[in-house]
Amino acid sequence: MAIDIKKLLQSVVSHGASDLHLVSRSEPQIRIDGMLKPVNLPKLTGEDIEEMTYALLTEKQKKMFEENLELDFSLMLPHVGRFRANYYRTLGEIAAAFRIIPTVIPSLDEYKSPPIYKELIKREKGLILVTGPTGSGKSTTLASMLNEINMTENKHIVTIEDPVEFIHENKKCVFSHRETGSDTKSFATALKYAMRQDPDIIFIGEMRDKETIEAALTAAETGHLVFGTLHTNSAPGTINRIIDVFAGDEQAQIRTMISTSLVAVISQVLIPKIGGGRVAVPEIMITNHAIANLIREDKVHQLYSQMQLGQGQTGMQTQTQVLIKLRSNGIISKEKALQYSNKPDELKNNINFK
């Protein structure tokens, strides 16, 4: 007999988990502080999961899933919480992943964000990217930034997501939340028509293709503040990822567009803390004259060394520096620092890393 999915999701929230996984031949699994843990329930069959998960779908969503074999959607359960869901198939059977979305958006101060974030969101135009692997807190960081703007500025903010995650209450700002598939056909289409919607700020849930990236750069160049995400692990790696999306004869123009429109790249990861919980580790690159020149001249490999200079004035920081600070303050273990580091050899060889 299938488990009541709503009661299971309520249990996930009460355990402080971030995700729930339902896969055939396994008991339900929840992710706490980045680690998967089985729930004390019987192993599920494909029929169990289908009965559980279909109870949450509309007829239209069922049809979409059966036609495409994939389905992304957001879900609000009263008195339980808000979730991002993905349904898929594995060995012919349905499986599902649920991500818990906090209904209360933390402020930048509550999130203990670097002070430079409050400076970045005051920009009138340009592109701010928050990158990192799945589950690295990108959405929460961006939601906190938009929430800060919502409390301090009078702006029209258009968000384009698949699906919509955080829903912002209109405070000083007006939010137009747009979900691909139900409110618009695609990210690129929504960006094209966003220019007619008088936005001050545009948030793109994922810059996943050439059309979307090009439209985002154009919007940033033409006087809008654009926020976006990419699945990249470092600030310099983000620049390479964007450039590599384009054909060779287009790359010089794209490098020029990036050099003039990019405001900042924040590449972050969440690392388990000693004693439980996780801490965000952000690498921050701010575009100044030197950074812009290196991007334009195709010298991305030199960005990292430039990020290490004059940090008191620029607000930049490398991941290695943040890891050393967290380790010296006893917040993370040496093993976790090395495990999550993009440059473990640099970290090990640093005299301040103990």
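It should be noted that the structure appears before, not after, this text.
Residues numbered from 1 in each chain as written. Predicted model: local features only at pLDDT ≥ 70, side-chain atom pairs only at ≥ 80, totals over all residues. Heavy atoms only, no water.

J.: How would you summarise the overall build of the protein if you had to cite specific residues and measurements?
T.: Secondary structure assignment for the protein yields 15 helices and 13 strands. The C-alpha atoms of the protein give 21 Å as radius of gyration, which agrees with the globular expectation for 354 residues (20 Å, within 12%). Each principal axis of the C-alpha atoms in the protein carries an extent, and together these give about 65 × 55 × 40 Å. A buried classification covers 51% of the 354 residues belonging to the protein. Carbon together with sulfur atoms contributes 49% to the accessible area of the protein, which is approximately 17000 Å² in total. Within the protein, one finds 41 positive and 42 negative side-chain charges whose respective centroids are separated by 5 Å. (Helix = DSSP H or I, 4+ residues; strand = E, 2+ residues; numbered from the N terminus. Rg over C-alpha atoms; globule rule 2.2 N^0.38 Å. Buried < 20%, exposed > 50% of the residue type's maximum accessible area, 1.4 Å probe, protein only. Areas by Shrake-Rupley, 256 points an atom, 1.4 Å probe, with all protein chains shown as cover. Lys, Arg positive; Asp, Glu negative; His and termini not counted. Charge placed at Lys NZ, Arg CZ, Asp CG, Glu CD.)

J.: Which residues make up the environment of Arg89, and what values do they have?
T.: Turning to its location among the elements, Arg89 is positioned in strand β5 (residues 81-90). For the pair formed by Arg89 and Val23, sequence separation is 66 residues and the distance between their alpha carbons is 9.2 Å. Within the structure, the side chain of Arg89 is placed 3.2 Å from the backbone oxygen of Gly92, a separation counted as a polar contact. (Polar contact = N/O pair within 3.5 Å; in protein donor to acceptor, adjacent residues only side chain to side chain.)

J.: Tell me about the environment of Val13, and please be specific about residues and values.
T.: Along the chain, Val13 turns up in helix α1 (residues 5-14). As for Val13 and Ile100, which are separated by 87 residues in sequence, their C-alpha atoms are 7.3 Å apart. Setting aside its immediate chain neighbours within four residues, Val13 contacts Val80, Phe83 and Ile100. (Contact = heavy atoms within 4.5 Å.)

J.: Lay out unusual backbone geometry with the relevant residues and their values.
T.: Going from Asp162 to Pro163, the amide bond is cis rather than trans, its omega being -5°. Examined against the element boundaries, Pro163 turns out to sit in the loop between β8 (156-161) and β9 (174-179). Look at Asp33: it is not a glycine, yet its phi comes out positive at around 50°. By secondary structure assignment, the location of Asp33 is in the loop between β2 (29-32) and β3 (35-38). A positive phi angle, near 65°, is found at Leu69, a position not held by glycine. Mapping Leu69 onto the fold places it in the loop between α3 (59-68) and β4 (71-77). A relative accessible area of 44% means that Leu69 is categorised as partly exposed.

J.: Hey, could you go over the sheet that holds strand β13 (residues 278-286) for me, with residue numbers and the actual values?
T.: Read across the open sheet, the seven strands follow the order β9-β8-β10-β11-β7-β12-β13; overall the sheet is mixed. Two strands in the sheet have a free side with no partner beyond their single neighbour: β9 and β13. On average, each strand axis in the sheet is inclined to that of its neighbour by 15°, with strand direction left out of account. By the bridge criterion, six bridges tie strand β7 (residues 126-131) to strand β11 (residues 225-230) in an arrangement that is parallel. (Pairing = 2+ DSSP bridges. Axes fitted to C-alpha atoms, helices over the stretch in contact; angles between N-to-C directions.)

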